[in-house]
Amino acid sequence: MKVAVLGAGVAGVAAAYYLWRDGHQVVVLDRQSGAALETSFGNAGGLCPSFAGPWAAPGMIGKVLKMALQREAPIRFSLSPNPRKLIWLARWIGNCNAERFRANKLRMQRVAHFSSACLQSLADSGLPIEFDYHQDGTLQLFRHQSDLKVVAGITRALDEFEVPWRLLDGDEARRLEPALAASRAPIAGALFLPRDGSGDSHKFATGLAAYLVQQGVAFRYGTAITALVKAGDRIQGVQIDGQAALISADAYVVALGQQTPFLLRPLGLSLPIYPLKGYSITARVDDPGRAPRAALMDEYNKVMISRLGGRVRAAGMAELKGYSLAVDPGRVAFLKKVVREWFPEGVGIDDAQAWAGLRPMTPDGPAILGKTHYANLYLNCGHGSNGWTQACGTGKIVADIVSGRPPEVDLEGLTADRYA
Ligand SMILES: Cc1cc2nc3c(=O)[nH]c(=O)nc-3n(C[C@H](O)[C@H](O)[C@H](O)COP(=O)(O)OP(=O)(O)OC[C@H]3O[C@@H](n4cnc5c(N)ncnc54)[C@H](O)[C@@H]3O)c2cc1C
């Protein structure tokens, strides 16, 4: 079967890999000049199934409102009267209760742990892809005694989802991550999550795409999709900017990240995916002994710092403000300050590269996967803040569905039907 994958972010490239492995003829279309040049380019690099969960959580509404008053708040939103944003917000608020949180978290955990196993088996399969992958766990750092109040709730949830963890005091955390010895930030305690890892999703996607090209998969970059054209209950083809002829296939997989709703709405498919902007900086490691080895989560500032080979990346912030990719110098300065506090030496922070990206968020949290009411149109979108962690799993799930096999993960709460 000929399958067109729309979007060459980490979700689209992973899906293309599993579809190719199933013996399909695959073509991947993307508007950019290469793979993973939008949200999958500069994310925090965390491969963190232990963390995977929705932003819509009990207590979040109060936290967000309180943060709106802080100068350096990690979360910001504007109340401009954009109907799509307001509908998204209303749905998000509707999911901020214990019952919905638990159901949504279970769904995301299912996908994230499956994805971890898929990525591990892909990494073990000997494909020639180098993406700074390492599984040294995540260290969630709590600066103040008062921050530790949330730990009991977190560990209860980890136990429920059978995720291993260890609670450490400051000295134990410094022994595990020796470069923290020079840290200027206090450590009241830390939660170590040994199953997590890190890796560079841009390197992963470009490496996997290059391998797939060698295997005969076509990647058509610089190809801006303007519409999906339907004929009855099927998609007939994809319209490309500046081209008269449609690109046609037997099946279509939509992996267009935060742009997905714009192309699906004319087909009568209304998906609540809205962009949540975040920032990252990437700095060179000057002294490996004084730079982090594993991934760290500064819980107070909600900033993740991860080691990607000879680089350190720090990322965070959440802005519900629309589609601008402008880099706010204040946000960059804040990320630099946080890295300097934890690692005053060893990281070339002054020359760090800054980036902003748009998380394709669903209001409830889980991605949107699988069939639509068009017989040959499939979804692989809405990966939110955990898209790198979930990419291999969601790619495998969608490839199974396209190939007519039952997926290995229960799809309850993961399809578009939940918004019907
Ligand atoms: C600051 C930040 C930190 C993050 N940290 C983590 C983390 O630590 N761990 C984690 O798991 N996740 C993290 N994420 C989330 C993760 O990056 C995303 O979930 C993931 O990259 C989404 O991948 P995607 O392929 O769905 O979207 P994208 O990477 O955006 O891919 C969509 C593709 O579609 C293409 N496209 C869009 N419109 C069109 C069109 N009209 N025509 C043709 N092509 C089009 C784009 O060019 C793009 O290549 C983070 C995100 C941010 C912003």
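Position numbers for residues start from 1 in each chain and track the written sequence from start to end. Restriction of local features to residues with pLDDT of at least 70 applies here, the model being predicted, together with a cutoff of 80 or more for giving and counting side-chain atom pairs; totals for whole chains, interfaces and linings are based on all residues. To get the side-chain values, all heavy atoms of the structure are used, and hydrogens and water are removed first.

**Overview of the packing of helix α1 (residues 10-21) against helix α7 (residues 201-214)**
Geometry of a packed helix pair, given as the angle between the helix axes and the separation of the axes. To get an axis, a line is fitted to the C-alpha atoms, and for a helix only the part in contact is used. The angle between two axes follows their N-to-C directions and goes from 0 to 180 degrees. Helical segments are the DSSP runs of H or I of at least four residues, strand segments are the runs of E of at least two, and each set is numbered from the N terminus. Between α1 and α7, the least distance of the axes is 9 Å, while the angle of their chain directions is 35°. When you trace α1 past α7, the crossing you get is left-handed. Between α1 and α7, the contacting residues are V10, V13, A14, A16, Y17 and W20 on the first element and S201, F204, A205, L208, A209, Y211 and L212 on the second. Handedness of a crossing follows from how the near helix is turned relative to the far one, being left-handed for an anticlockwise turn of less than a right angle and right-handed for a clockwise one. In this description, contact between two residues means that some pair of their heavy atoms is separated by no more than 4.5 Å.

**Some words on the site of the ligand**
Neighbouring residues of the ligand: 35 residues in total, closest D30, S40, G46, G384 and T389. For the purposes of these results, a polar contact is taken to be a pair of N or O atoms within 3.5 Å, where, inside protein, one atom must be able to donate a hydrogen and its partner to accept one; residues adjacent in sequence count only when each atom of the pair is a side-chain atom. Take T39: an N or O atom from its side chain is 3.2 Å from an oxygen atom of the ligand. A distance of 3.1 Å separates a nitrogen atom of the ligand from a polar atom in the backbone of A44. Computed on the free molecule, the ligand has an accessible area of 1000 Å², of which 97% lies beneath the protein chains in the complex. Ten residues, namely Ala, Val, Leu, Ile, Met, Phe, Trp, Tyr, Cys and Pro, are considered nonpolar, four, namely Asp, Glu, Lys and Arg, are considered charged, and the remaining ones, Gly among them, are considered polar. Residues that form the shell around the ligand fall into these classes: 12 nonpolar, 19 polar and 4 charged. The cutoff for a nearby residue is simple: one of its non-hydrogen atoms must lie within 4 Å of the molecule or strand. Only the protein chains shown count as cover for residues, and the accessible areas themselves come from Shrake-Rupley with a 1.4 Å probe.

**What about the domain arrangement of the protein chain?**
Domains are outlined according to an automatic or database domain assignment. By domain assignment, the protein chain separates into domain 1 (2-41 + 203-271 + 364-419) and domain 2 (46-106 + 131-198 + 274-361). Just the C-alpha atoms count here: the centres of domain 1 and domain 2 sit 28 Å apart. Listed by partner, the interface residues are 22 residues for domain 1 and 23 residues for domain 2. Accessible area that two parts lose when put together, with a 1.4 Å probe and added across both, is what the buried area reports. Between domain 1 and domain 2 the total buried area reaches about 2000 Å² when both faces are included, carbon and sulfur atoms providing 61% of it. Salt bridges are counted wherever a side-chain nitrogen of Lys or Arg sits within 4 Å of a carboxyl oxygen of Asp or Glu. Across the domain 1-domain 2 interface, the total number found is 1 salt bridge. In this structure, D132 and K203 form a salt bridge, with 2.9 Å as the shortest nitrogen-oxygen distance.

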